[in-house]
Amino acid sequence: MKTWFAIPLWQRVIGALILGIAIGYPWGQAGGISFGPLFGYATFEPQDIKIIGDVFIAFIKMLVVPLIFFSLVAGVAAIGDLRKLGSIGWRALLLFVVSGQIAVWLGLALGTFIQPGSGVDTSTIQMGALPDPEPMDWRDTLLNAIPSSPVQVMADVNVLPLIVFSMLIGIGILMAKEEGQPVLKIFDSGSVVMQKVTMIVMELTPFGVFALMAWVAGTLGLDALAALGKLVALNYIGCLLIIFVMYSAMIKFIAKLPVIDFFRGIIDAIAVSYSTASSNATLPVTLRCAERNLGISKPVASFVISLGATVNMNGTAMYLGLATLFGAQIFGVDLSWGDYFLIALLGTVGAIGAAGIPGAGLIMMALVFGAVGVPLETIALVAGIDRIMDMMRTTTNVSGDAAVATTVASMTGEIDKAEMISADDV
Ligand code: ASP
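What you see is a predicted model; the values in this text were computed from it and never measured. (Residues numbered from 1 in each chain as written. Predicted model: local features only at pLDDT ≥ 70, side-chain atom pairs only at ≥ 80, totals over all residues. Heavy atoms only, no water.)

Undergrad: Help me get a handle on the overall build of the chain, residues and values and all.
TA: Counting its secondary structure elements, the chain contains 18 helices and two strands. Over its C-alpha atoms the chain spans a radius of gyration of 22 Å, differing by no more than 12% from the 22 Å that the globule rule assigns to 426 residues. For the C-alpha atoms alone, the extent of the chain along its principal axes is close to 75 × 55 × 45 Å. The proportion of buried residues among the 426 residues of the chain is 54%. Put simply, of all contacts in the chain between residues at least 6 apart along the chain, 81% involve residues at least 24 apart. Approximately 18300 Å² of the chain is accessible, and the part contributed by carbon and sulfur atoms is 69%. Here the chain contributes 21 positive and 29 negative side-chain charges, whose respective centroids are spaced 10 Å apart. (Helix = DSSP H or I, 4+ residues; strand = E, 2+ residues; numbered from the N terminus. Rg over C-alpha atoms; globule rule 2.2 N^0.38 Å. Buried < 20%, exposed > 50% of the residue type's maximum accessible area, 1.4 Å probe, protein only. Contact = heavy atoms within 4.5 Å. Areas by Shrake-Rupley, 256 points an atom, 1.4 Å probe, with all protein chains shown as cover. Lys, Arg positive; Asp, Glu negative; His and termini not counted. Charge placed at Lys NZ, Arg CZ, Asp CG, Glu CD.)

Undergrad: Run through the packing of helix α14 (residues 314-330) against helix α15 (residues 337-353), naming residues and quoting values.
TA: Close contact between α14 and α15 brings their axes to 8 Å; oriented N to C, the two are set at 140°. In terms of orientation, α14 lies oblique with respect to α15. The handedness of the crossing between α14 and α15 comes out as right-handed. Two secondary-structure elements touch here, α14 through Thr316, Ala317, Leu320, Gly321, Thr324 and Leu325 and α15 through Tyr340, Ile343, Gly347, Gly350 and Ala351. Its residues placed into classes, the contact of α14 with α15 shows six nonpolar, five polar and no charged. (Axes fitted to C-alpha atoms, helices over the stretch in contact; angles between N-to-C directions. Parallel < 35°, antiparallel > 145°, perpendicular 65-115°, else oblique. Left-handed = near helix turned anticlockwise from the far one by under 90°. Nonpolar A, V, L, I, M, F, W, Y, C, P; charged D, E, K, R; others polar.)

Undergrad: Please provide a residue-by-residue account of the environment of Met202, values included.
TA: Looking at where Met202 falls in the secondary structure, it is placed in helix α8 (residues 177-202). C-alpha of Met202 to C-alpha of Leu307: the two residues are 105 residues apart in sequence and 24 Å apart in space. Apart from residues no more than four positions distant in its own chain, Met202 is found in contact with Leu9, Pro358, Gly359 and Ile363.

Undergrad: Can you break down the nonpolar core residue by residue, with the values?
TA: Residues Phe262, Ile296, Met365, Val382 and Ile385 are the most contacted members of the largest nonpolar core, which totals 134 residues. Ranked by residues supplied to this core, first place goes to helix α9 (residues 205-254) with 22 residues. Residues within four places of Val382 in sequence aside, it is in contact with Leu228, Leu231, Tyr319, Phe326, Leu362 and Met365. (Core = buried A, V, L, I, M, F, W, Y, C linked by side-chain atoms within 4.5 Å.)

Undergrad: Describe the side chain of Asp339, with residues and values.
TA: Relative to the helices and strands, Asp339 resides in helix α15. The class of Asp339 is buried, set by a relative accessible area of 18%. Within the structure, the side chain of Asp339 is placed 2.9 Å from the backbone nitrogen of Ser336, a separation counted as a polar contact. Look past the residues within four positions of Asp339 in its chain and what remains in contact with it is Asp334 and Val372. (Polar contact = N/O pair within 3.5 Å; in protein donor to acceptor, adjacent residues only side chain to side chain.)

Undergrad: Tell me about the packing of aromatic side chains, and name the residues and values.
TA: A full pass over the atoms with the stated rule returns ten aromatic pairs. Their ring planes at 50° and their centres at 5.5 Å tell us that Phe70 and Phe187 sit as a pair that is tilted. Of the two residues, Phe70 sits in helix α3 (residues 46-80) while Phe187 sits in helix α8, which places them 117 residues apart along the sequence. The exposure class of Phe187 is buried, given its relative accessible area of 8%. For the pair Trp337 and Phe341, a centre-to-centre distance of 6.2 Å together with 40° between the ring planes defines the contact as tilted. (Phe/Tyr/Trp six-rings, centres within 6.5 Å; stacked < 30°, edge-to-face > 60°.)

Undergrad: Go over the environment of Ala255, please, and point to the residues and values.
TA: Considering the arrangement of structural elements, one finds Ala255 in the loop between α9 and α10 (259-265). When its relative accessible area of 2% is taken as the criterion, Ala255 is described as buried. For the pair formed by Ala255 and Ile49, sequence separation is 206 residues and the distance between their alpha carbons is 53 Å. Not counting chain neighbours up to four residues away, the residues in contact with Ala255 comprise Met250, Thr406, Thr407 and Ser410.

Undergrad: How would you sum up unusual backbone geometry? Please name residues and give values.
TA: Notably, Gln115 is not glycine yet its phi reads approximately 50°, a positive angle. Within the element layout of this structure, Gln115 appears in the loop between α4 (87-114) and α5 (138-144). Positive phi, normally seen in glycine, also occurs at Lys177, with a value near 45°. Topologically, Lys177 is positioned in helix α8. Exposure remark for Lys177: the relative accessible area of 60% places this residue in the exposed category.

Undergrad: How would you explain the packing of α3 against α15 if you had to name every residue and give the values?
TA: Packing of α3 against α15 leaves a shortest axis separation of 8 Å and a crossing angle of 80°. With respect to α15, the axis of α3 lies roughly perpendicular. Each of Leu67, Ser71 and Leu72 in α3 lies in contact with α15, whose residues at this interface are Val349, Ile352 and Gly353. Its residues placed into classes, the contact of α3 with α15 shows four nonpolar, two polar and no charged.

Undergrad: Account for the pattern of salt bridges, with residues named and values stated.
TA: Taken as a whole, this structure holds seven salt bridges when the rule is applied. For Lys50, the salt bridge identified is with Asp54, shortest N-O distance 3.2 Å. With Lys50 and Asp54 both in helix α3, this residue pair falls four residues apart, about one helical turn. Judged by relative accessible area, which is 9%, Lys50 ranks as buried. The exposure class assigned to Asp54 is partly exposed, which follows from its relative accessible area of 31%. One salt-bridge network, held together by shared partners, links Asp386, Asp390 and Arg393. (Salt bridge = Lys/Arg side-chain N within 4 Å of Asp/Glu carboxyl O.)

Undergrad: With reference to specific residues and values, describe the site of the ligand.
TA: Surrounding the ligand, one finds 15 residues, the nearest of these being Ser279, Thr316, Gly361, Asp390 and Arg393. Ala277 is positioned such that a nitrogen or oxygen atom in its backbone is 3.0 Å from a nitrogen atom of the ligand. One of the backbone nitrogen or oxygen atoms of Ile357 is found 3.0 Å away from a nitrogen atom of the ligand. In isolation the ligand has 270 Å² of accessible area, and contact with the protein removes 100% of it. Taken together, the residues of the shell around the ligand sort by class into five nonpolar, eight polar and two charged. (Near = heavy atom within 4 Å.)

What follows is the structure, encoded as structure tokens:
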């Protein structure tokens, strides 16, 4: 037992992934195994192990409503706090929003042009999570986005009105000023509690991943594995483009600072974020890099980076766009331009609502999928490979926080440029 927990979670997950494929594929090819008289000569097929994965996914679904509700309310209230920082706050907010939009559209573009999910035969998958969405006209969409009964909205896991409701509560808290503080405390503390609950659920990941990969490899075969491989590759390409093109451009053209020195300064944060897959766990390291290696003043670093760790997630936004298209292609769901805009909007909201912990992006997929009619079964397909993608998303998220903090600090004279350039001695 002790040795199990002594192995870092990501290593357990990758081990489970490899084992799942190694067992599932030959198992599927053999058409099942029979355990003899003990089990009444019943044949066990890869489909039968899926129940373990389904339990894992059911726990993930359990988290969707409370996690969105608590962290979005707390997130909106925290963004409102940016006002206190005046011009620094508004600049940071603008960079968060613009970079998030570019990221989510990049994910949509990669998914549209490369089509990672096409060519997989999913007719063997038993569906049941989502009915085919009825085509709605704009009046229905508008009415559906209004949380006429907040409790009903939560019970139905109806994400669009849930987001509207959460944002309104966040704004209400800000407007209530002092009197809103006790309620804000409940939401802040609630979101920390939900993060802990998520971490408990994430301990099930190795088992879920093993079962889901054995099922995918055994029932859908090599086509599905190739599609998942393409998704992982695109996730990495998208994240690397964000880091090396978007952030480099931000540092070079807006902050007017040397790009190499920026990346050299955040190398520790890159390493820690990649291995922990958690922006929150990396926060102390990111702050240290920002202050000591990049020379950003303490108030700007602590404010922009701590807030960024929960609301600025460009890797997650890009992935939400990409994964939604993947699911749509796998299950043959046609998406309109209107859907693309809805995905772009929800991808950004999902990135704000996602907590900086491992697997948060996976949970937020339910938010985007539900709104555009992509079956939730997609989550079962990609859950097995999520951790590998999460590591890269998190590195992108964390580098983005540092890039925005550096840019804002440079624009407002809150950075010691000499310190940034001579950071090697640190
Ligand atoms: N794990 C990511 C983070 O902490 C969030 C995600 O799952 O996309 O930044």
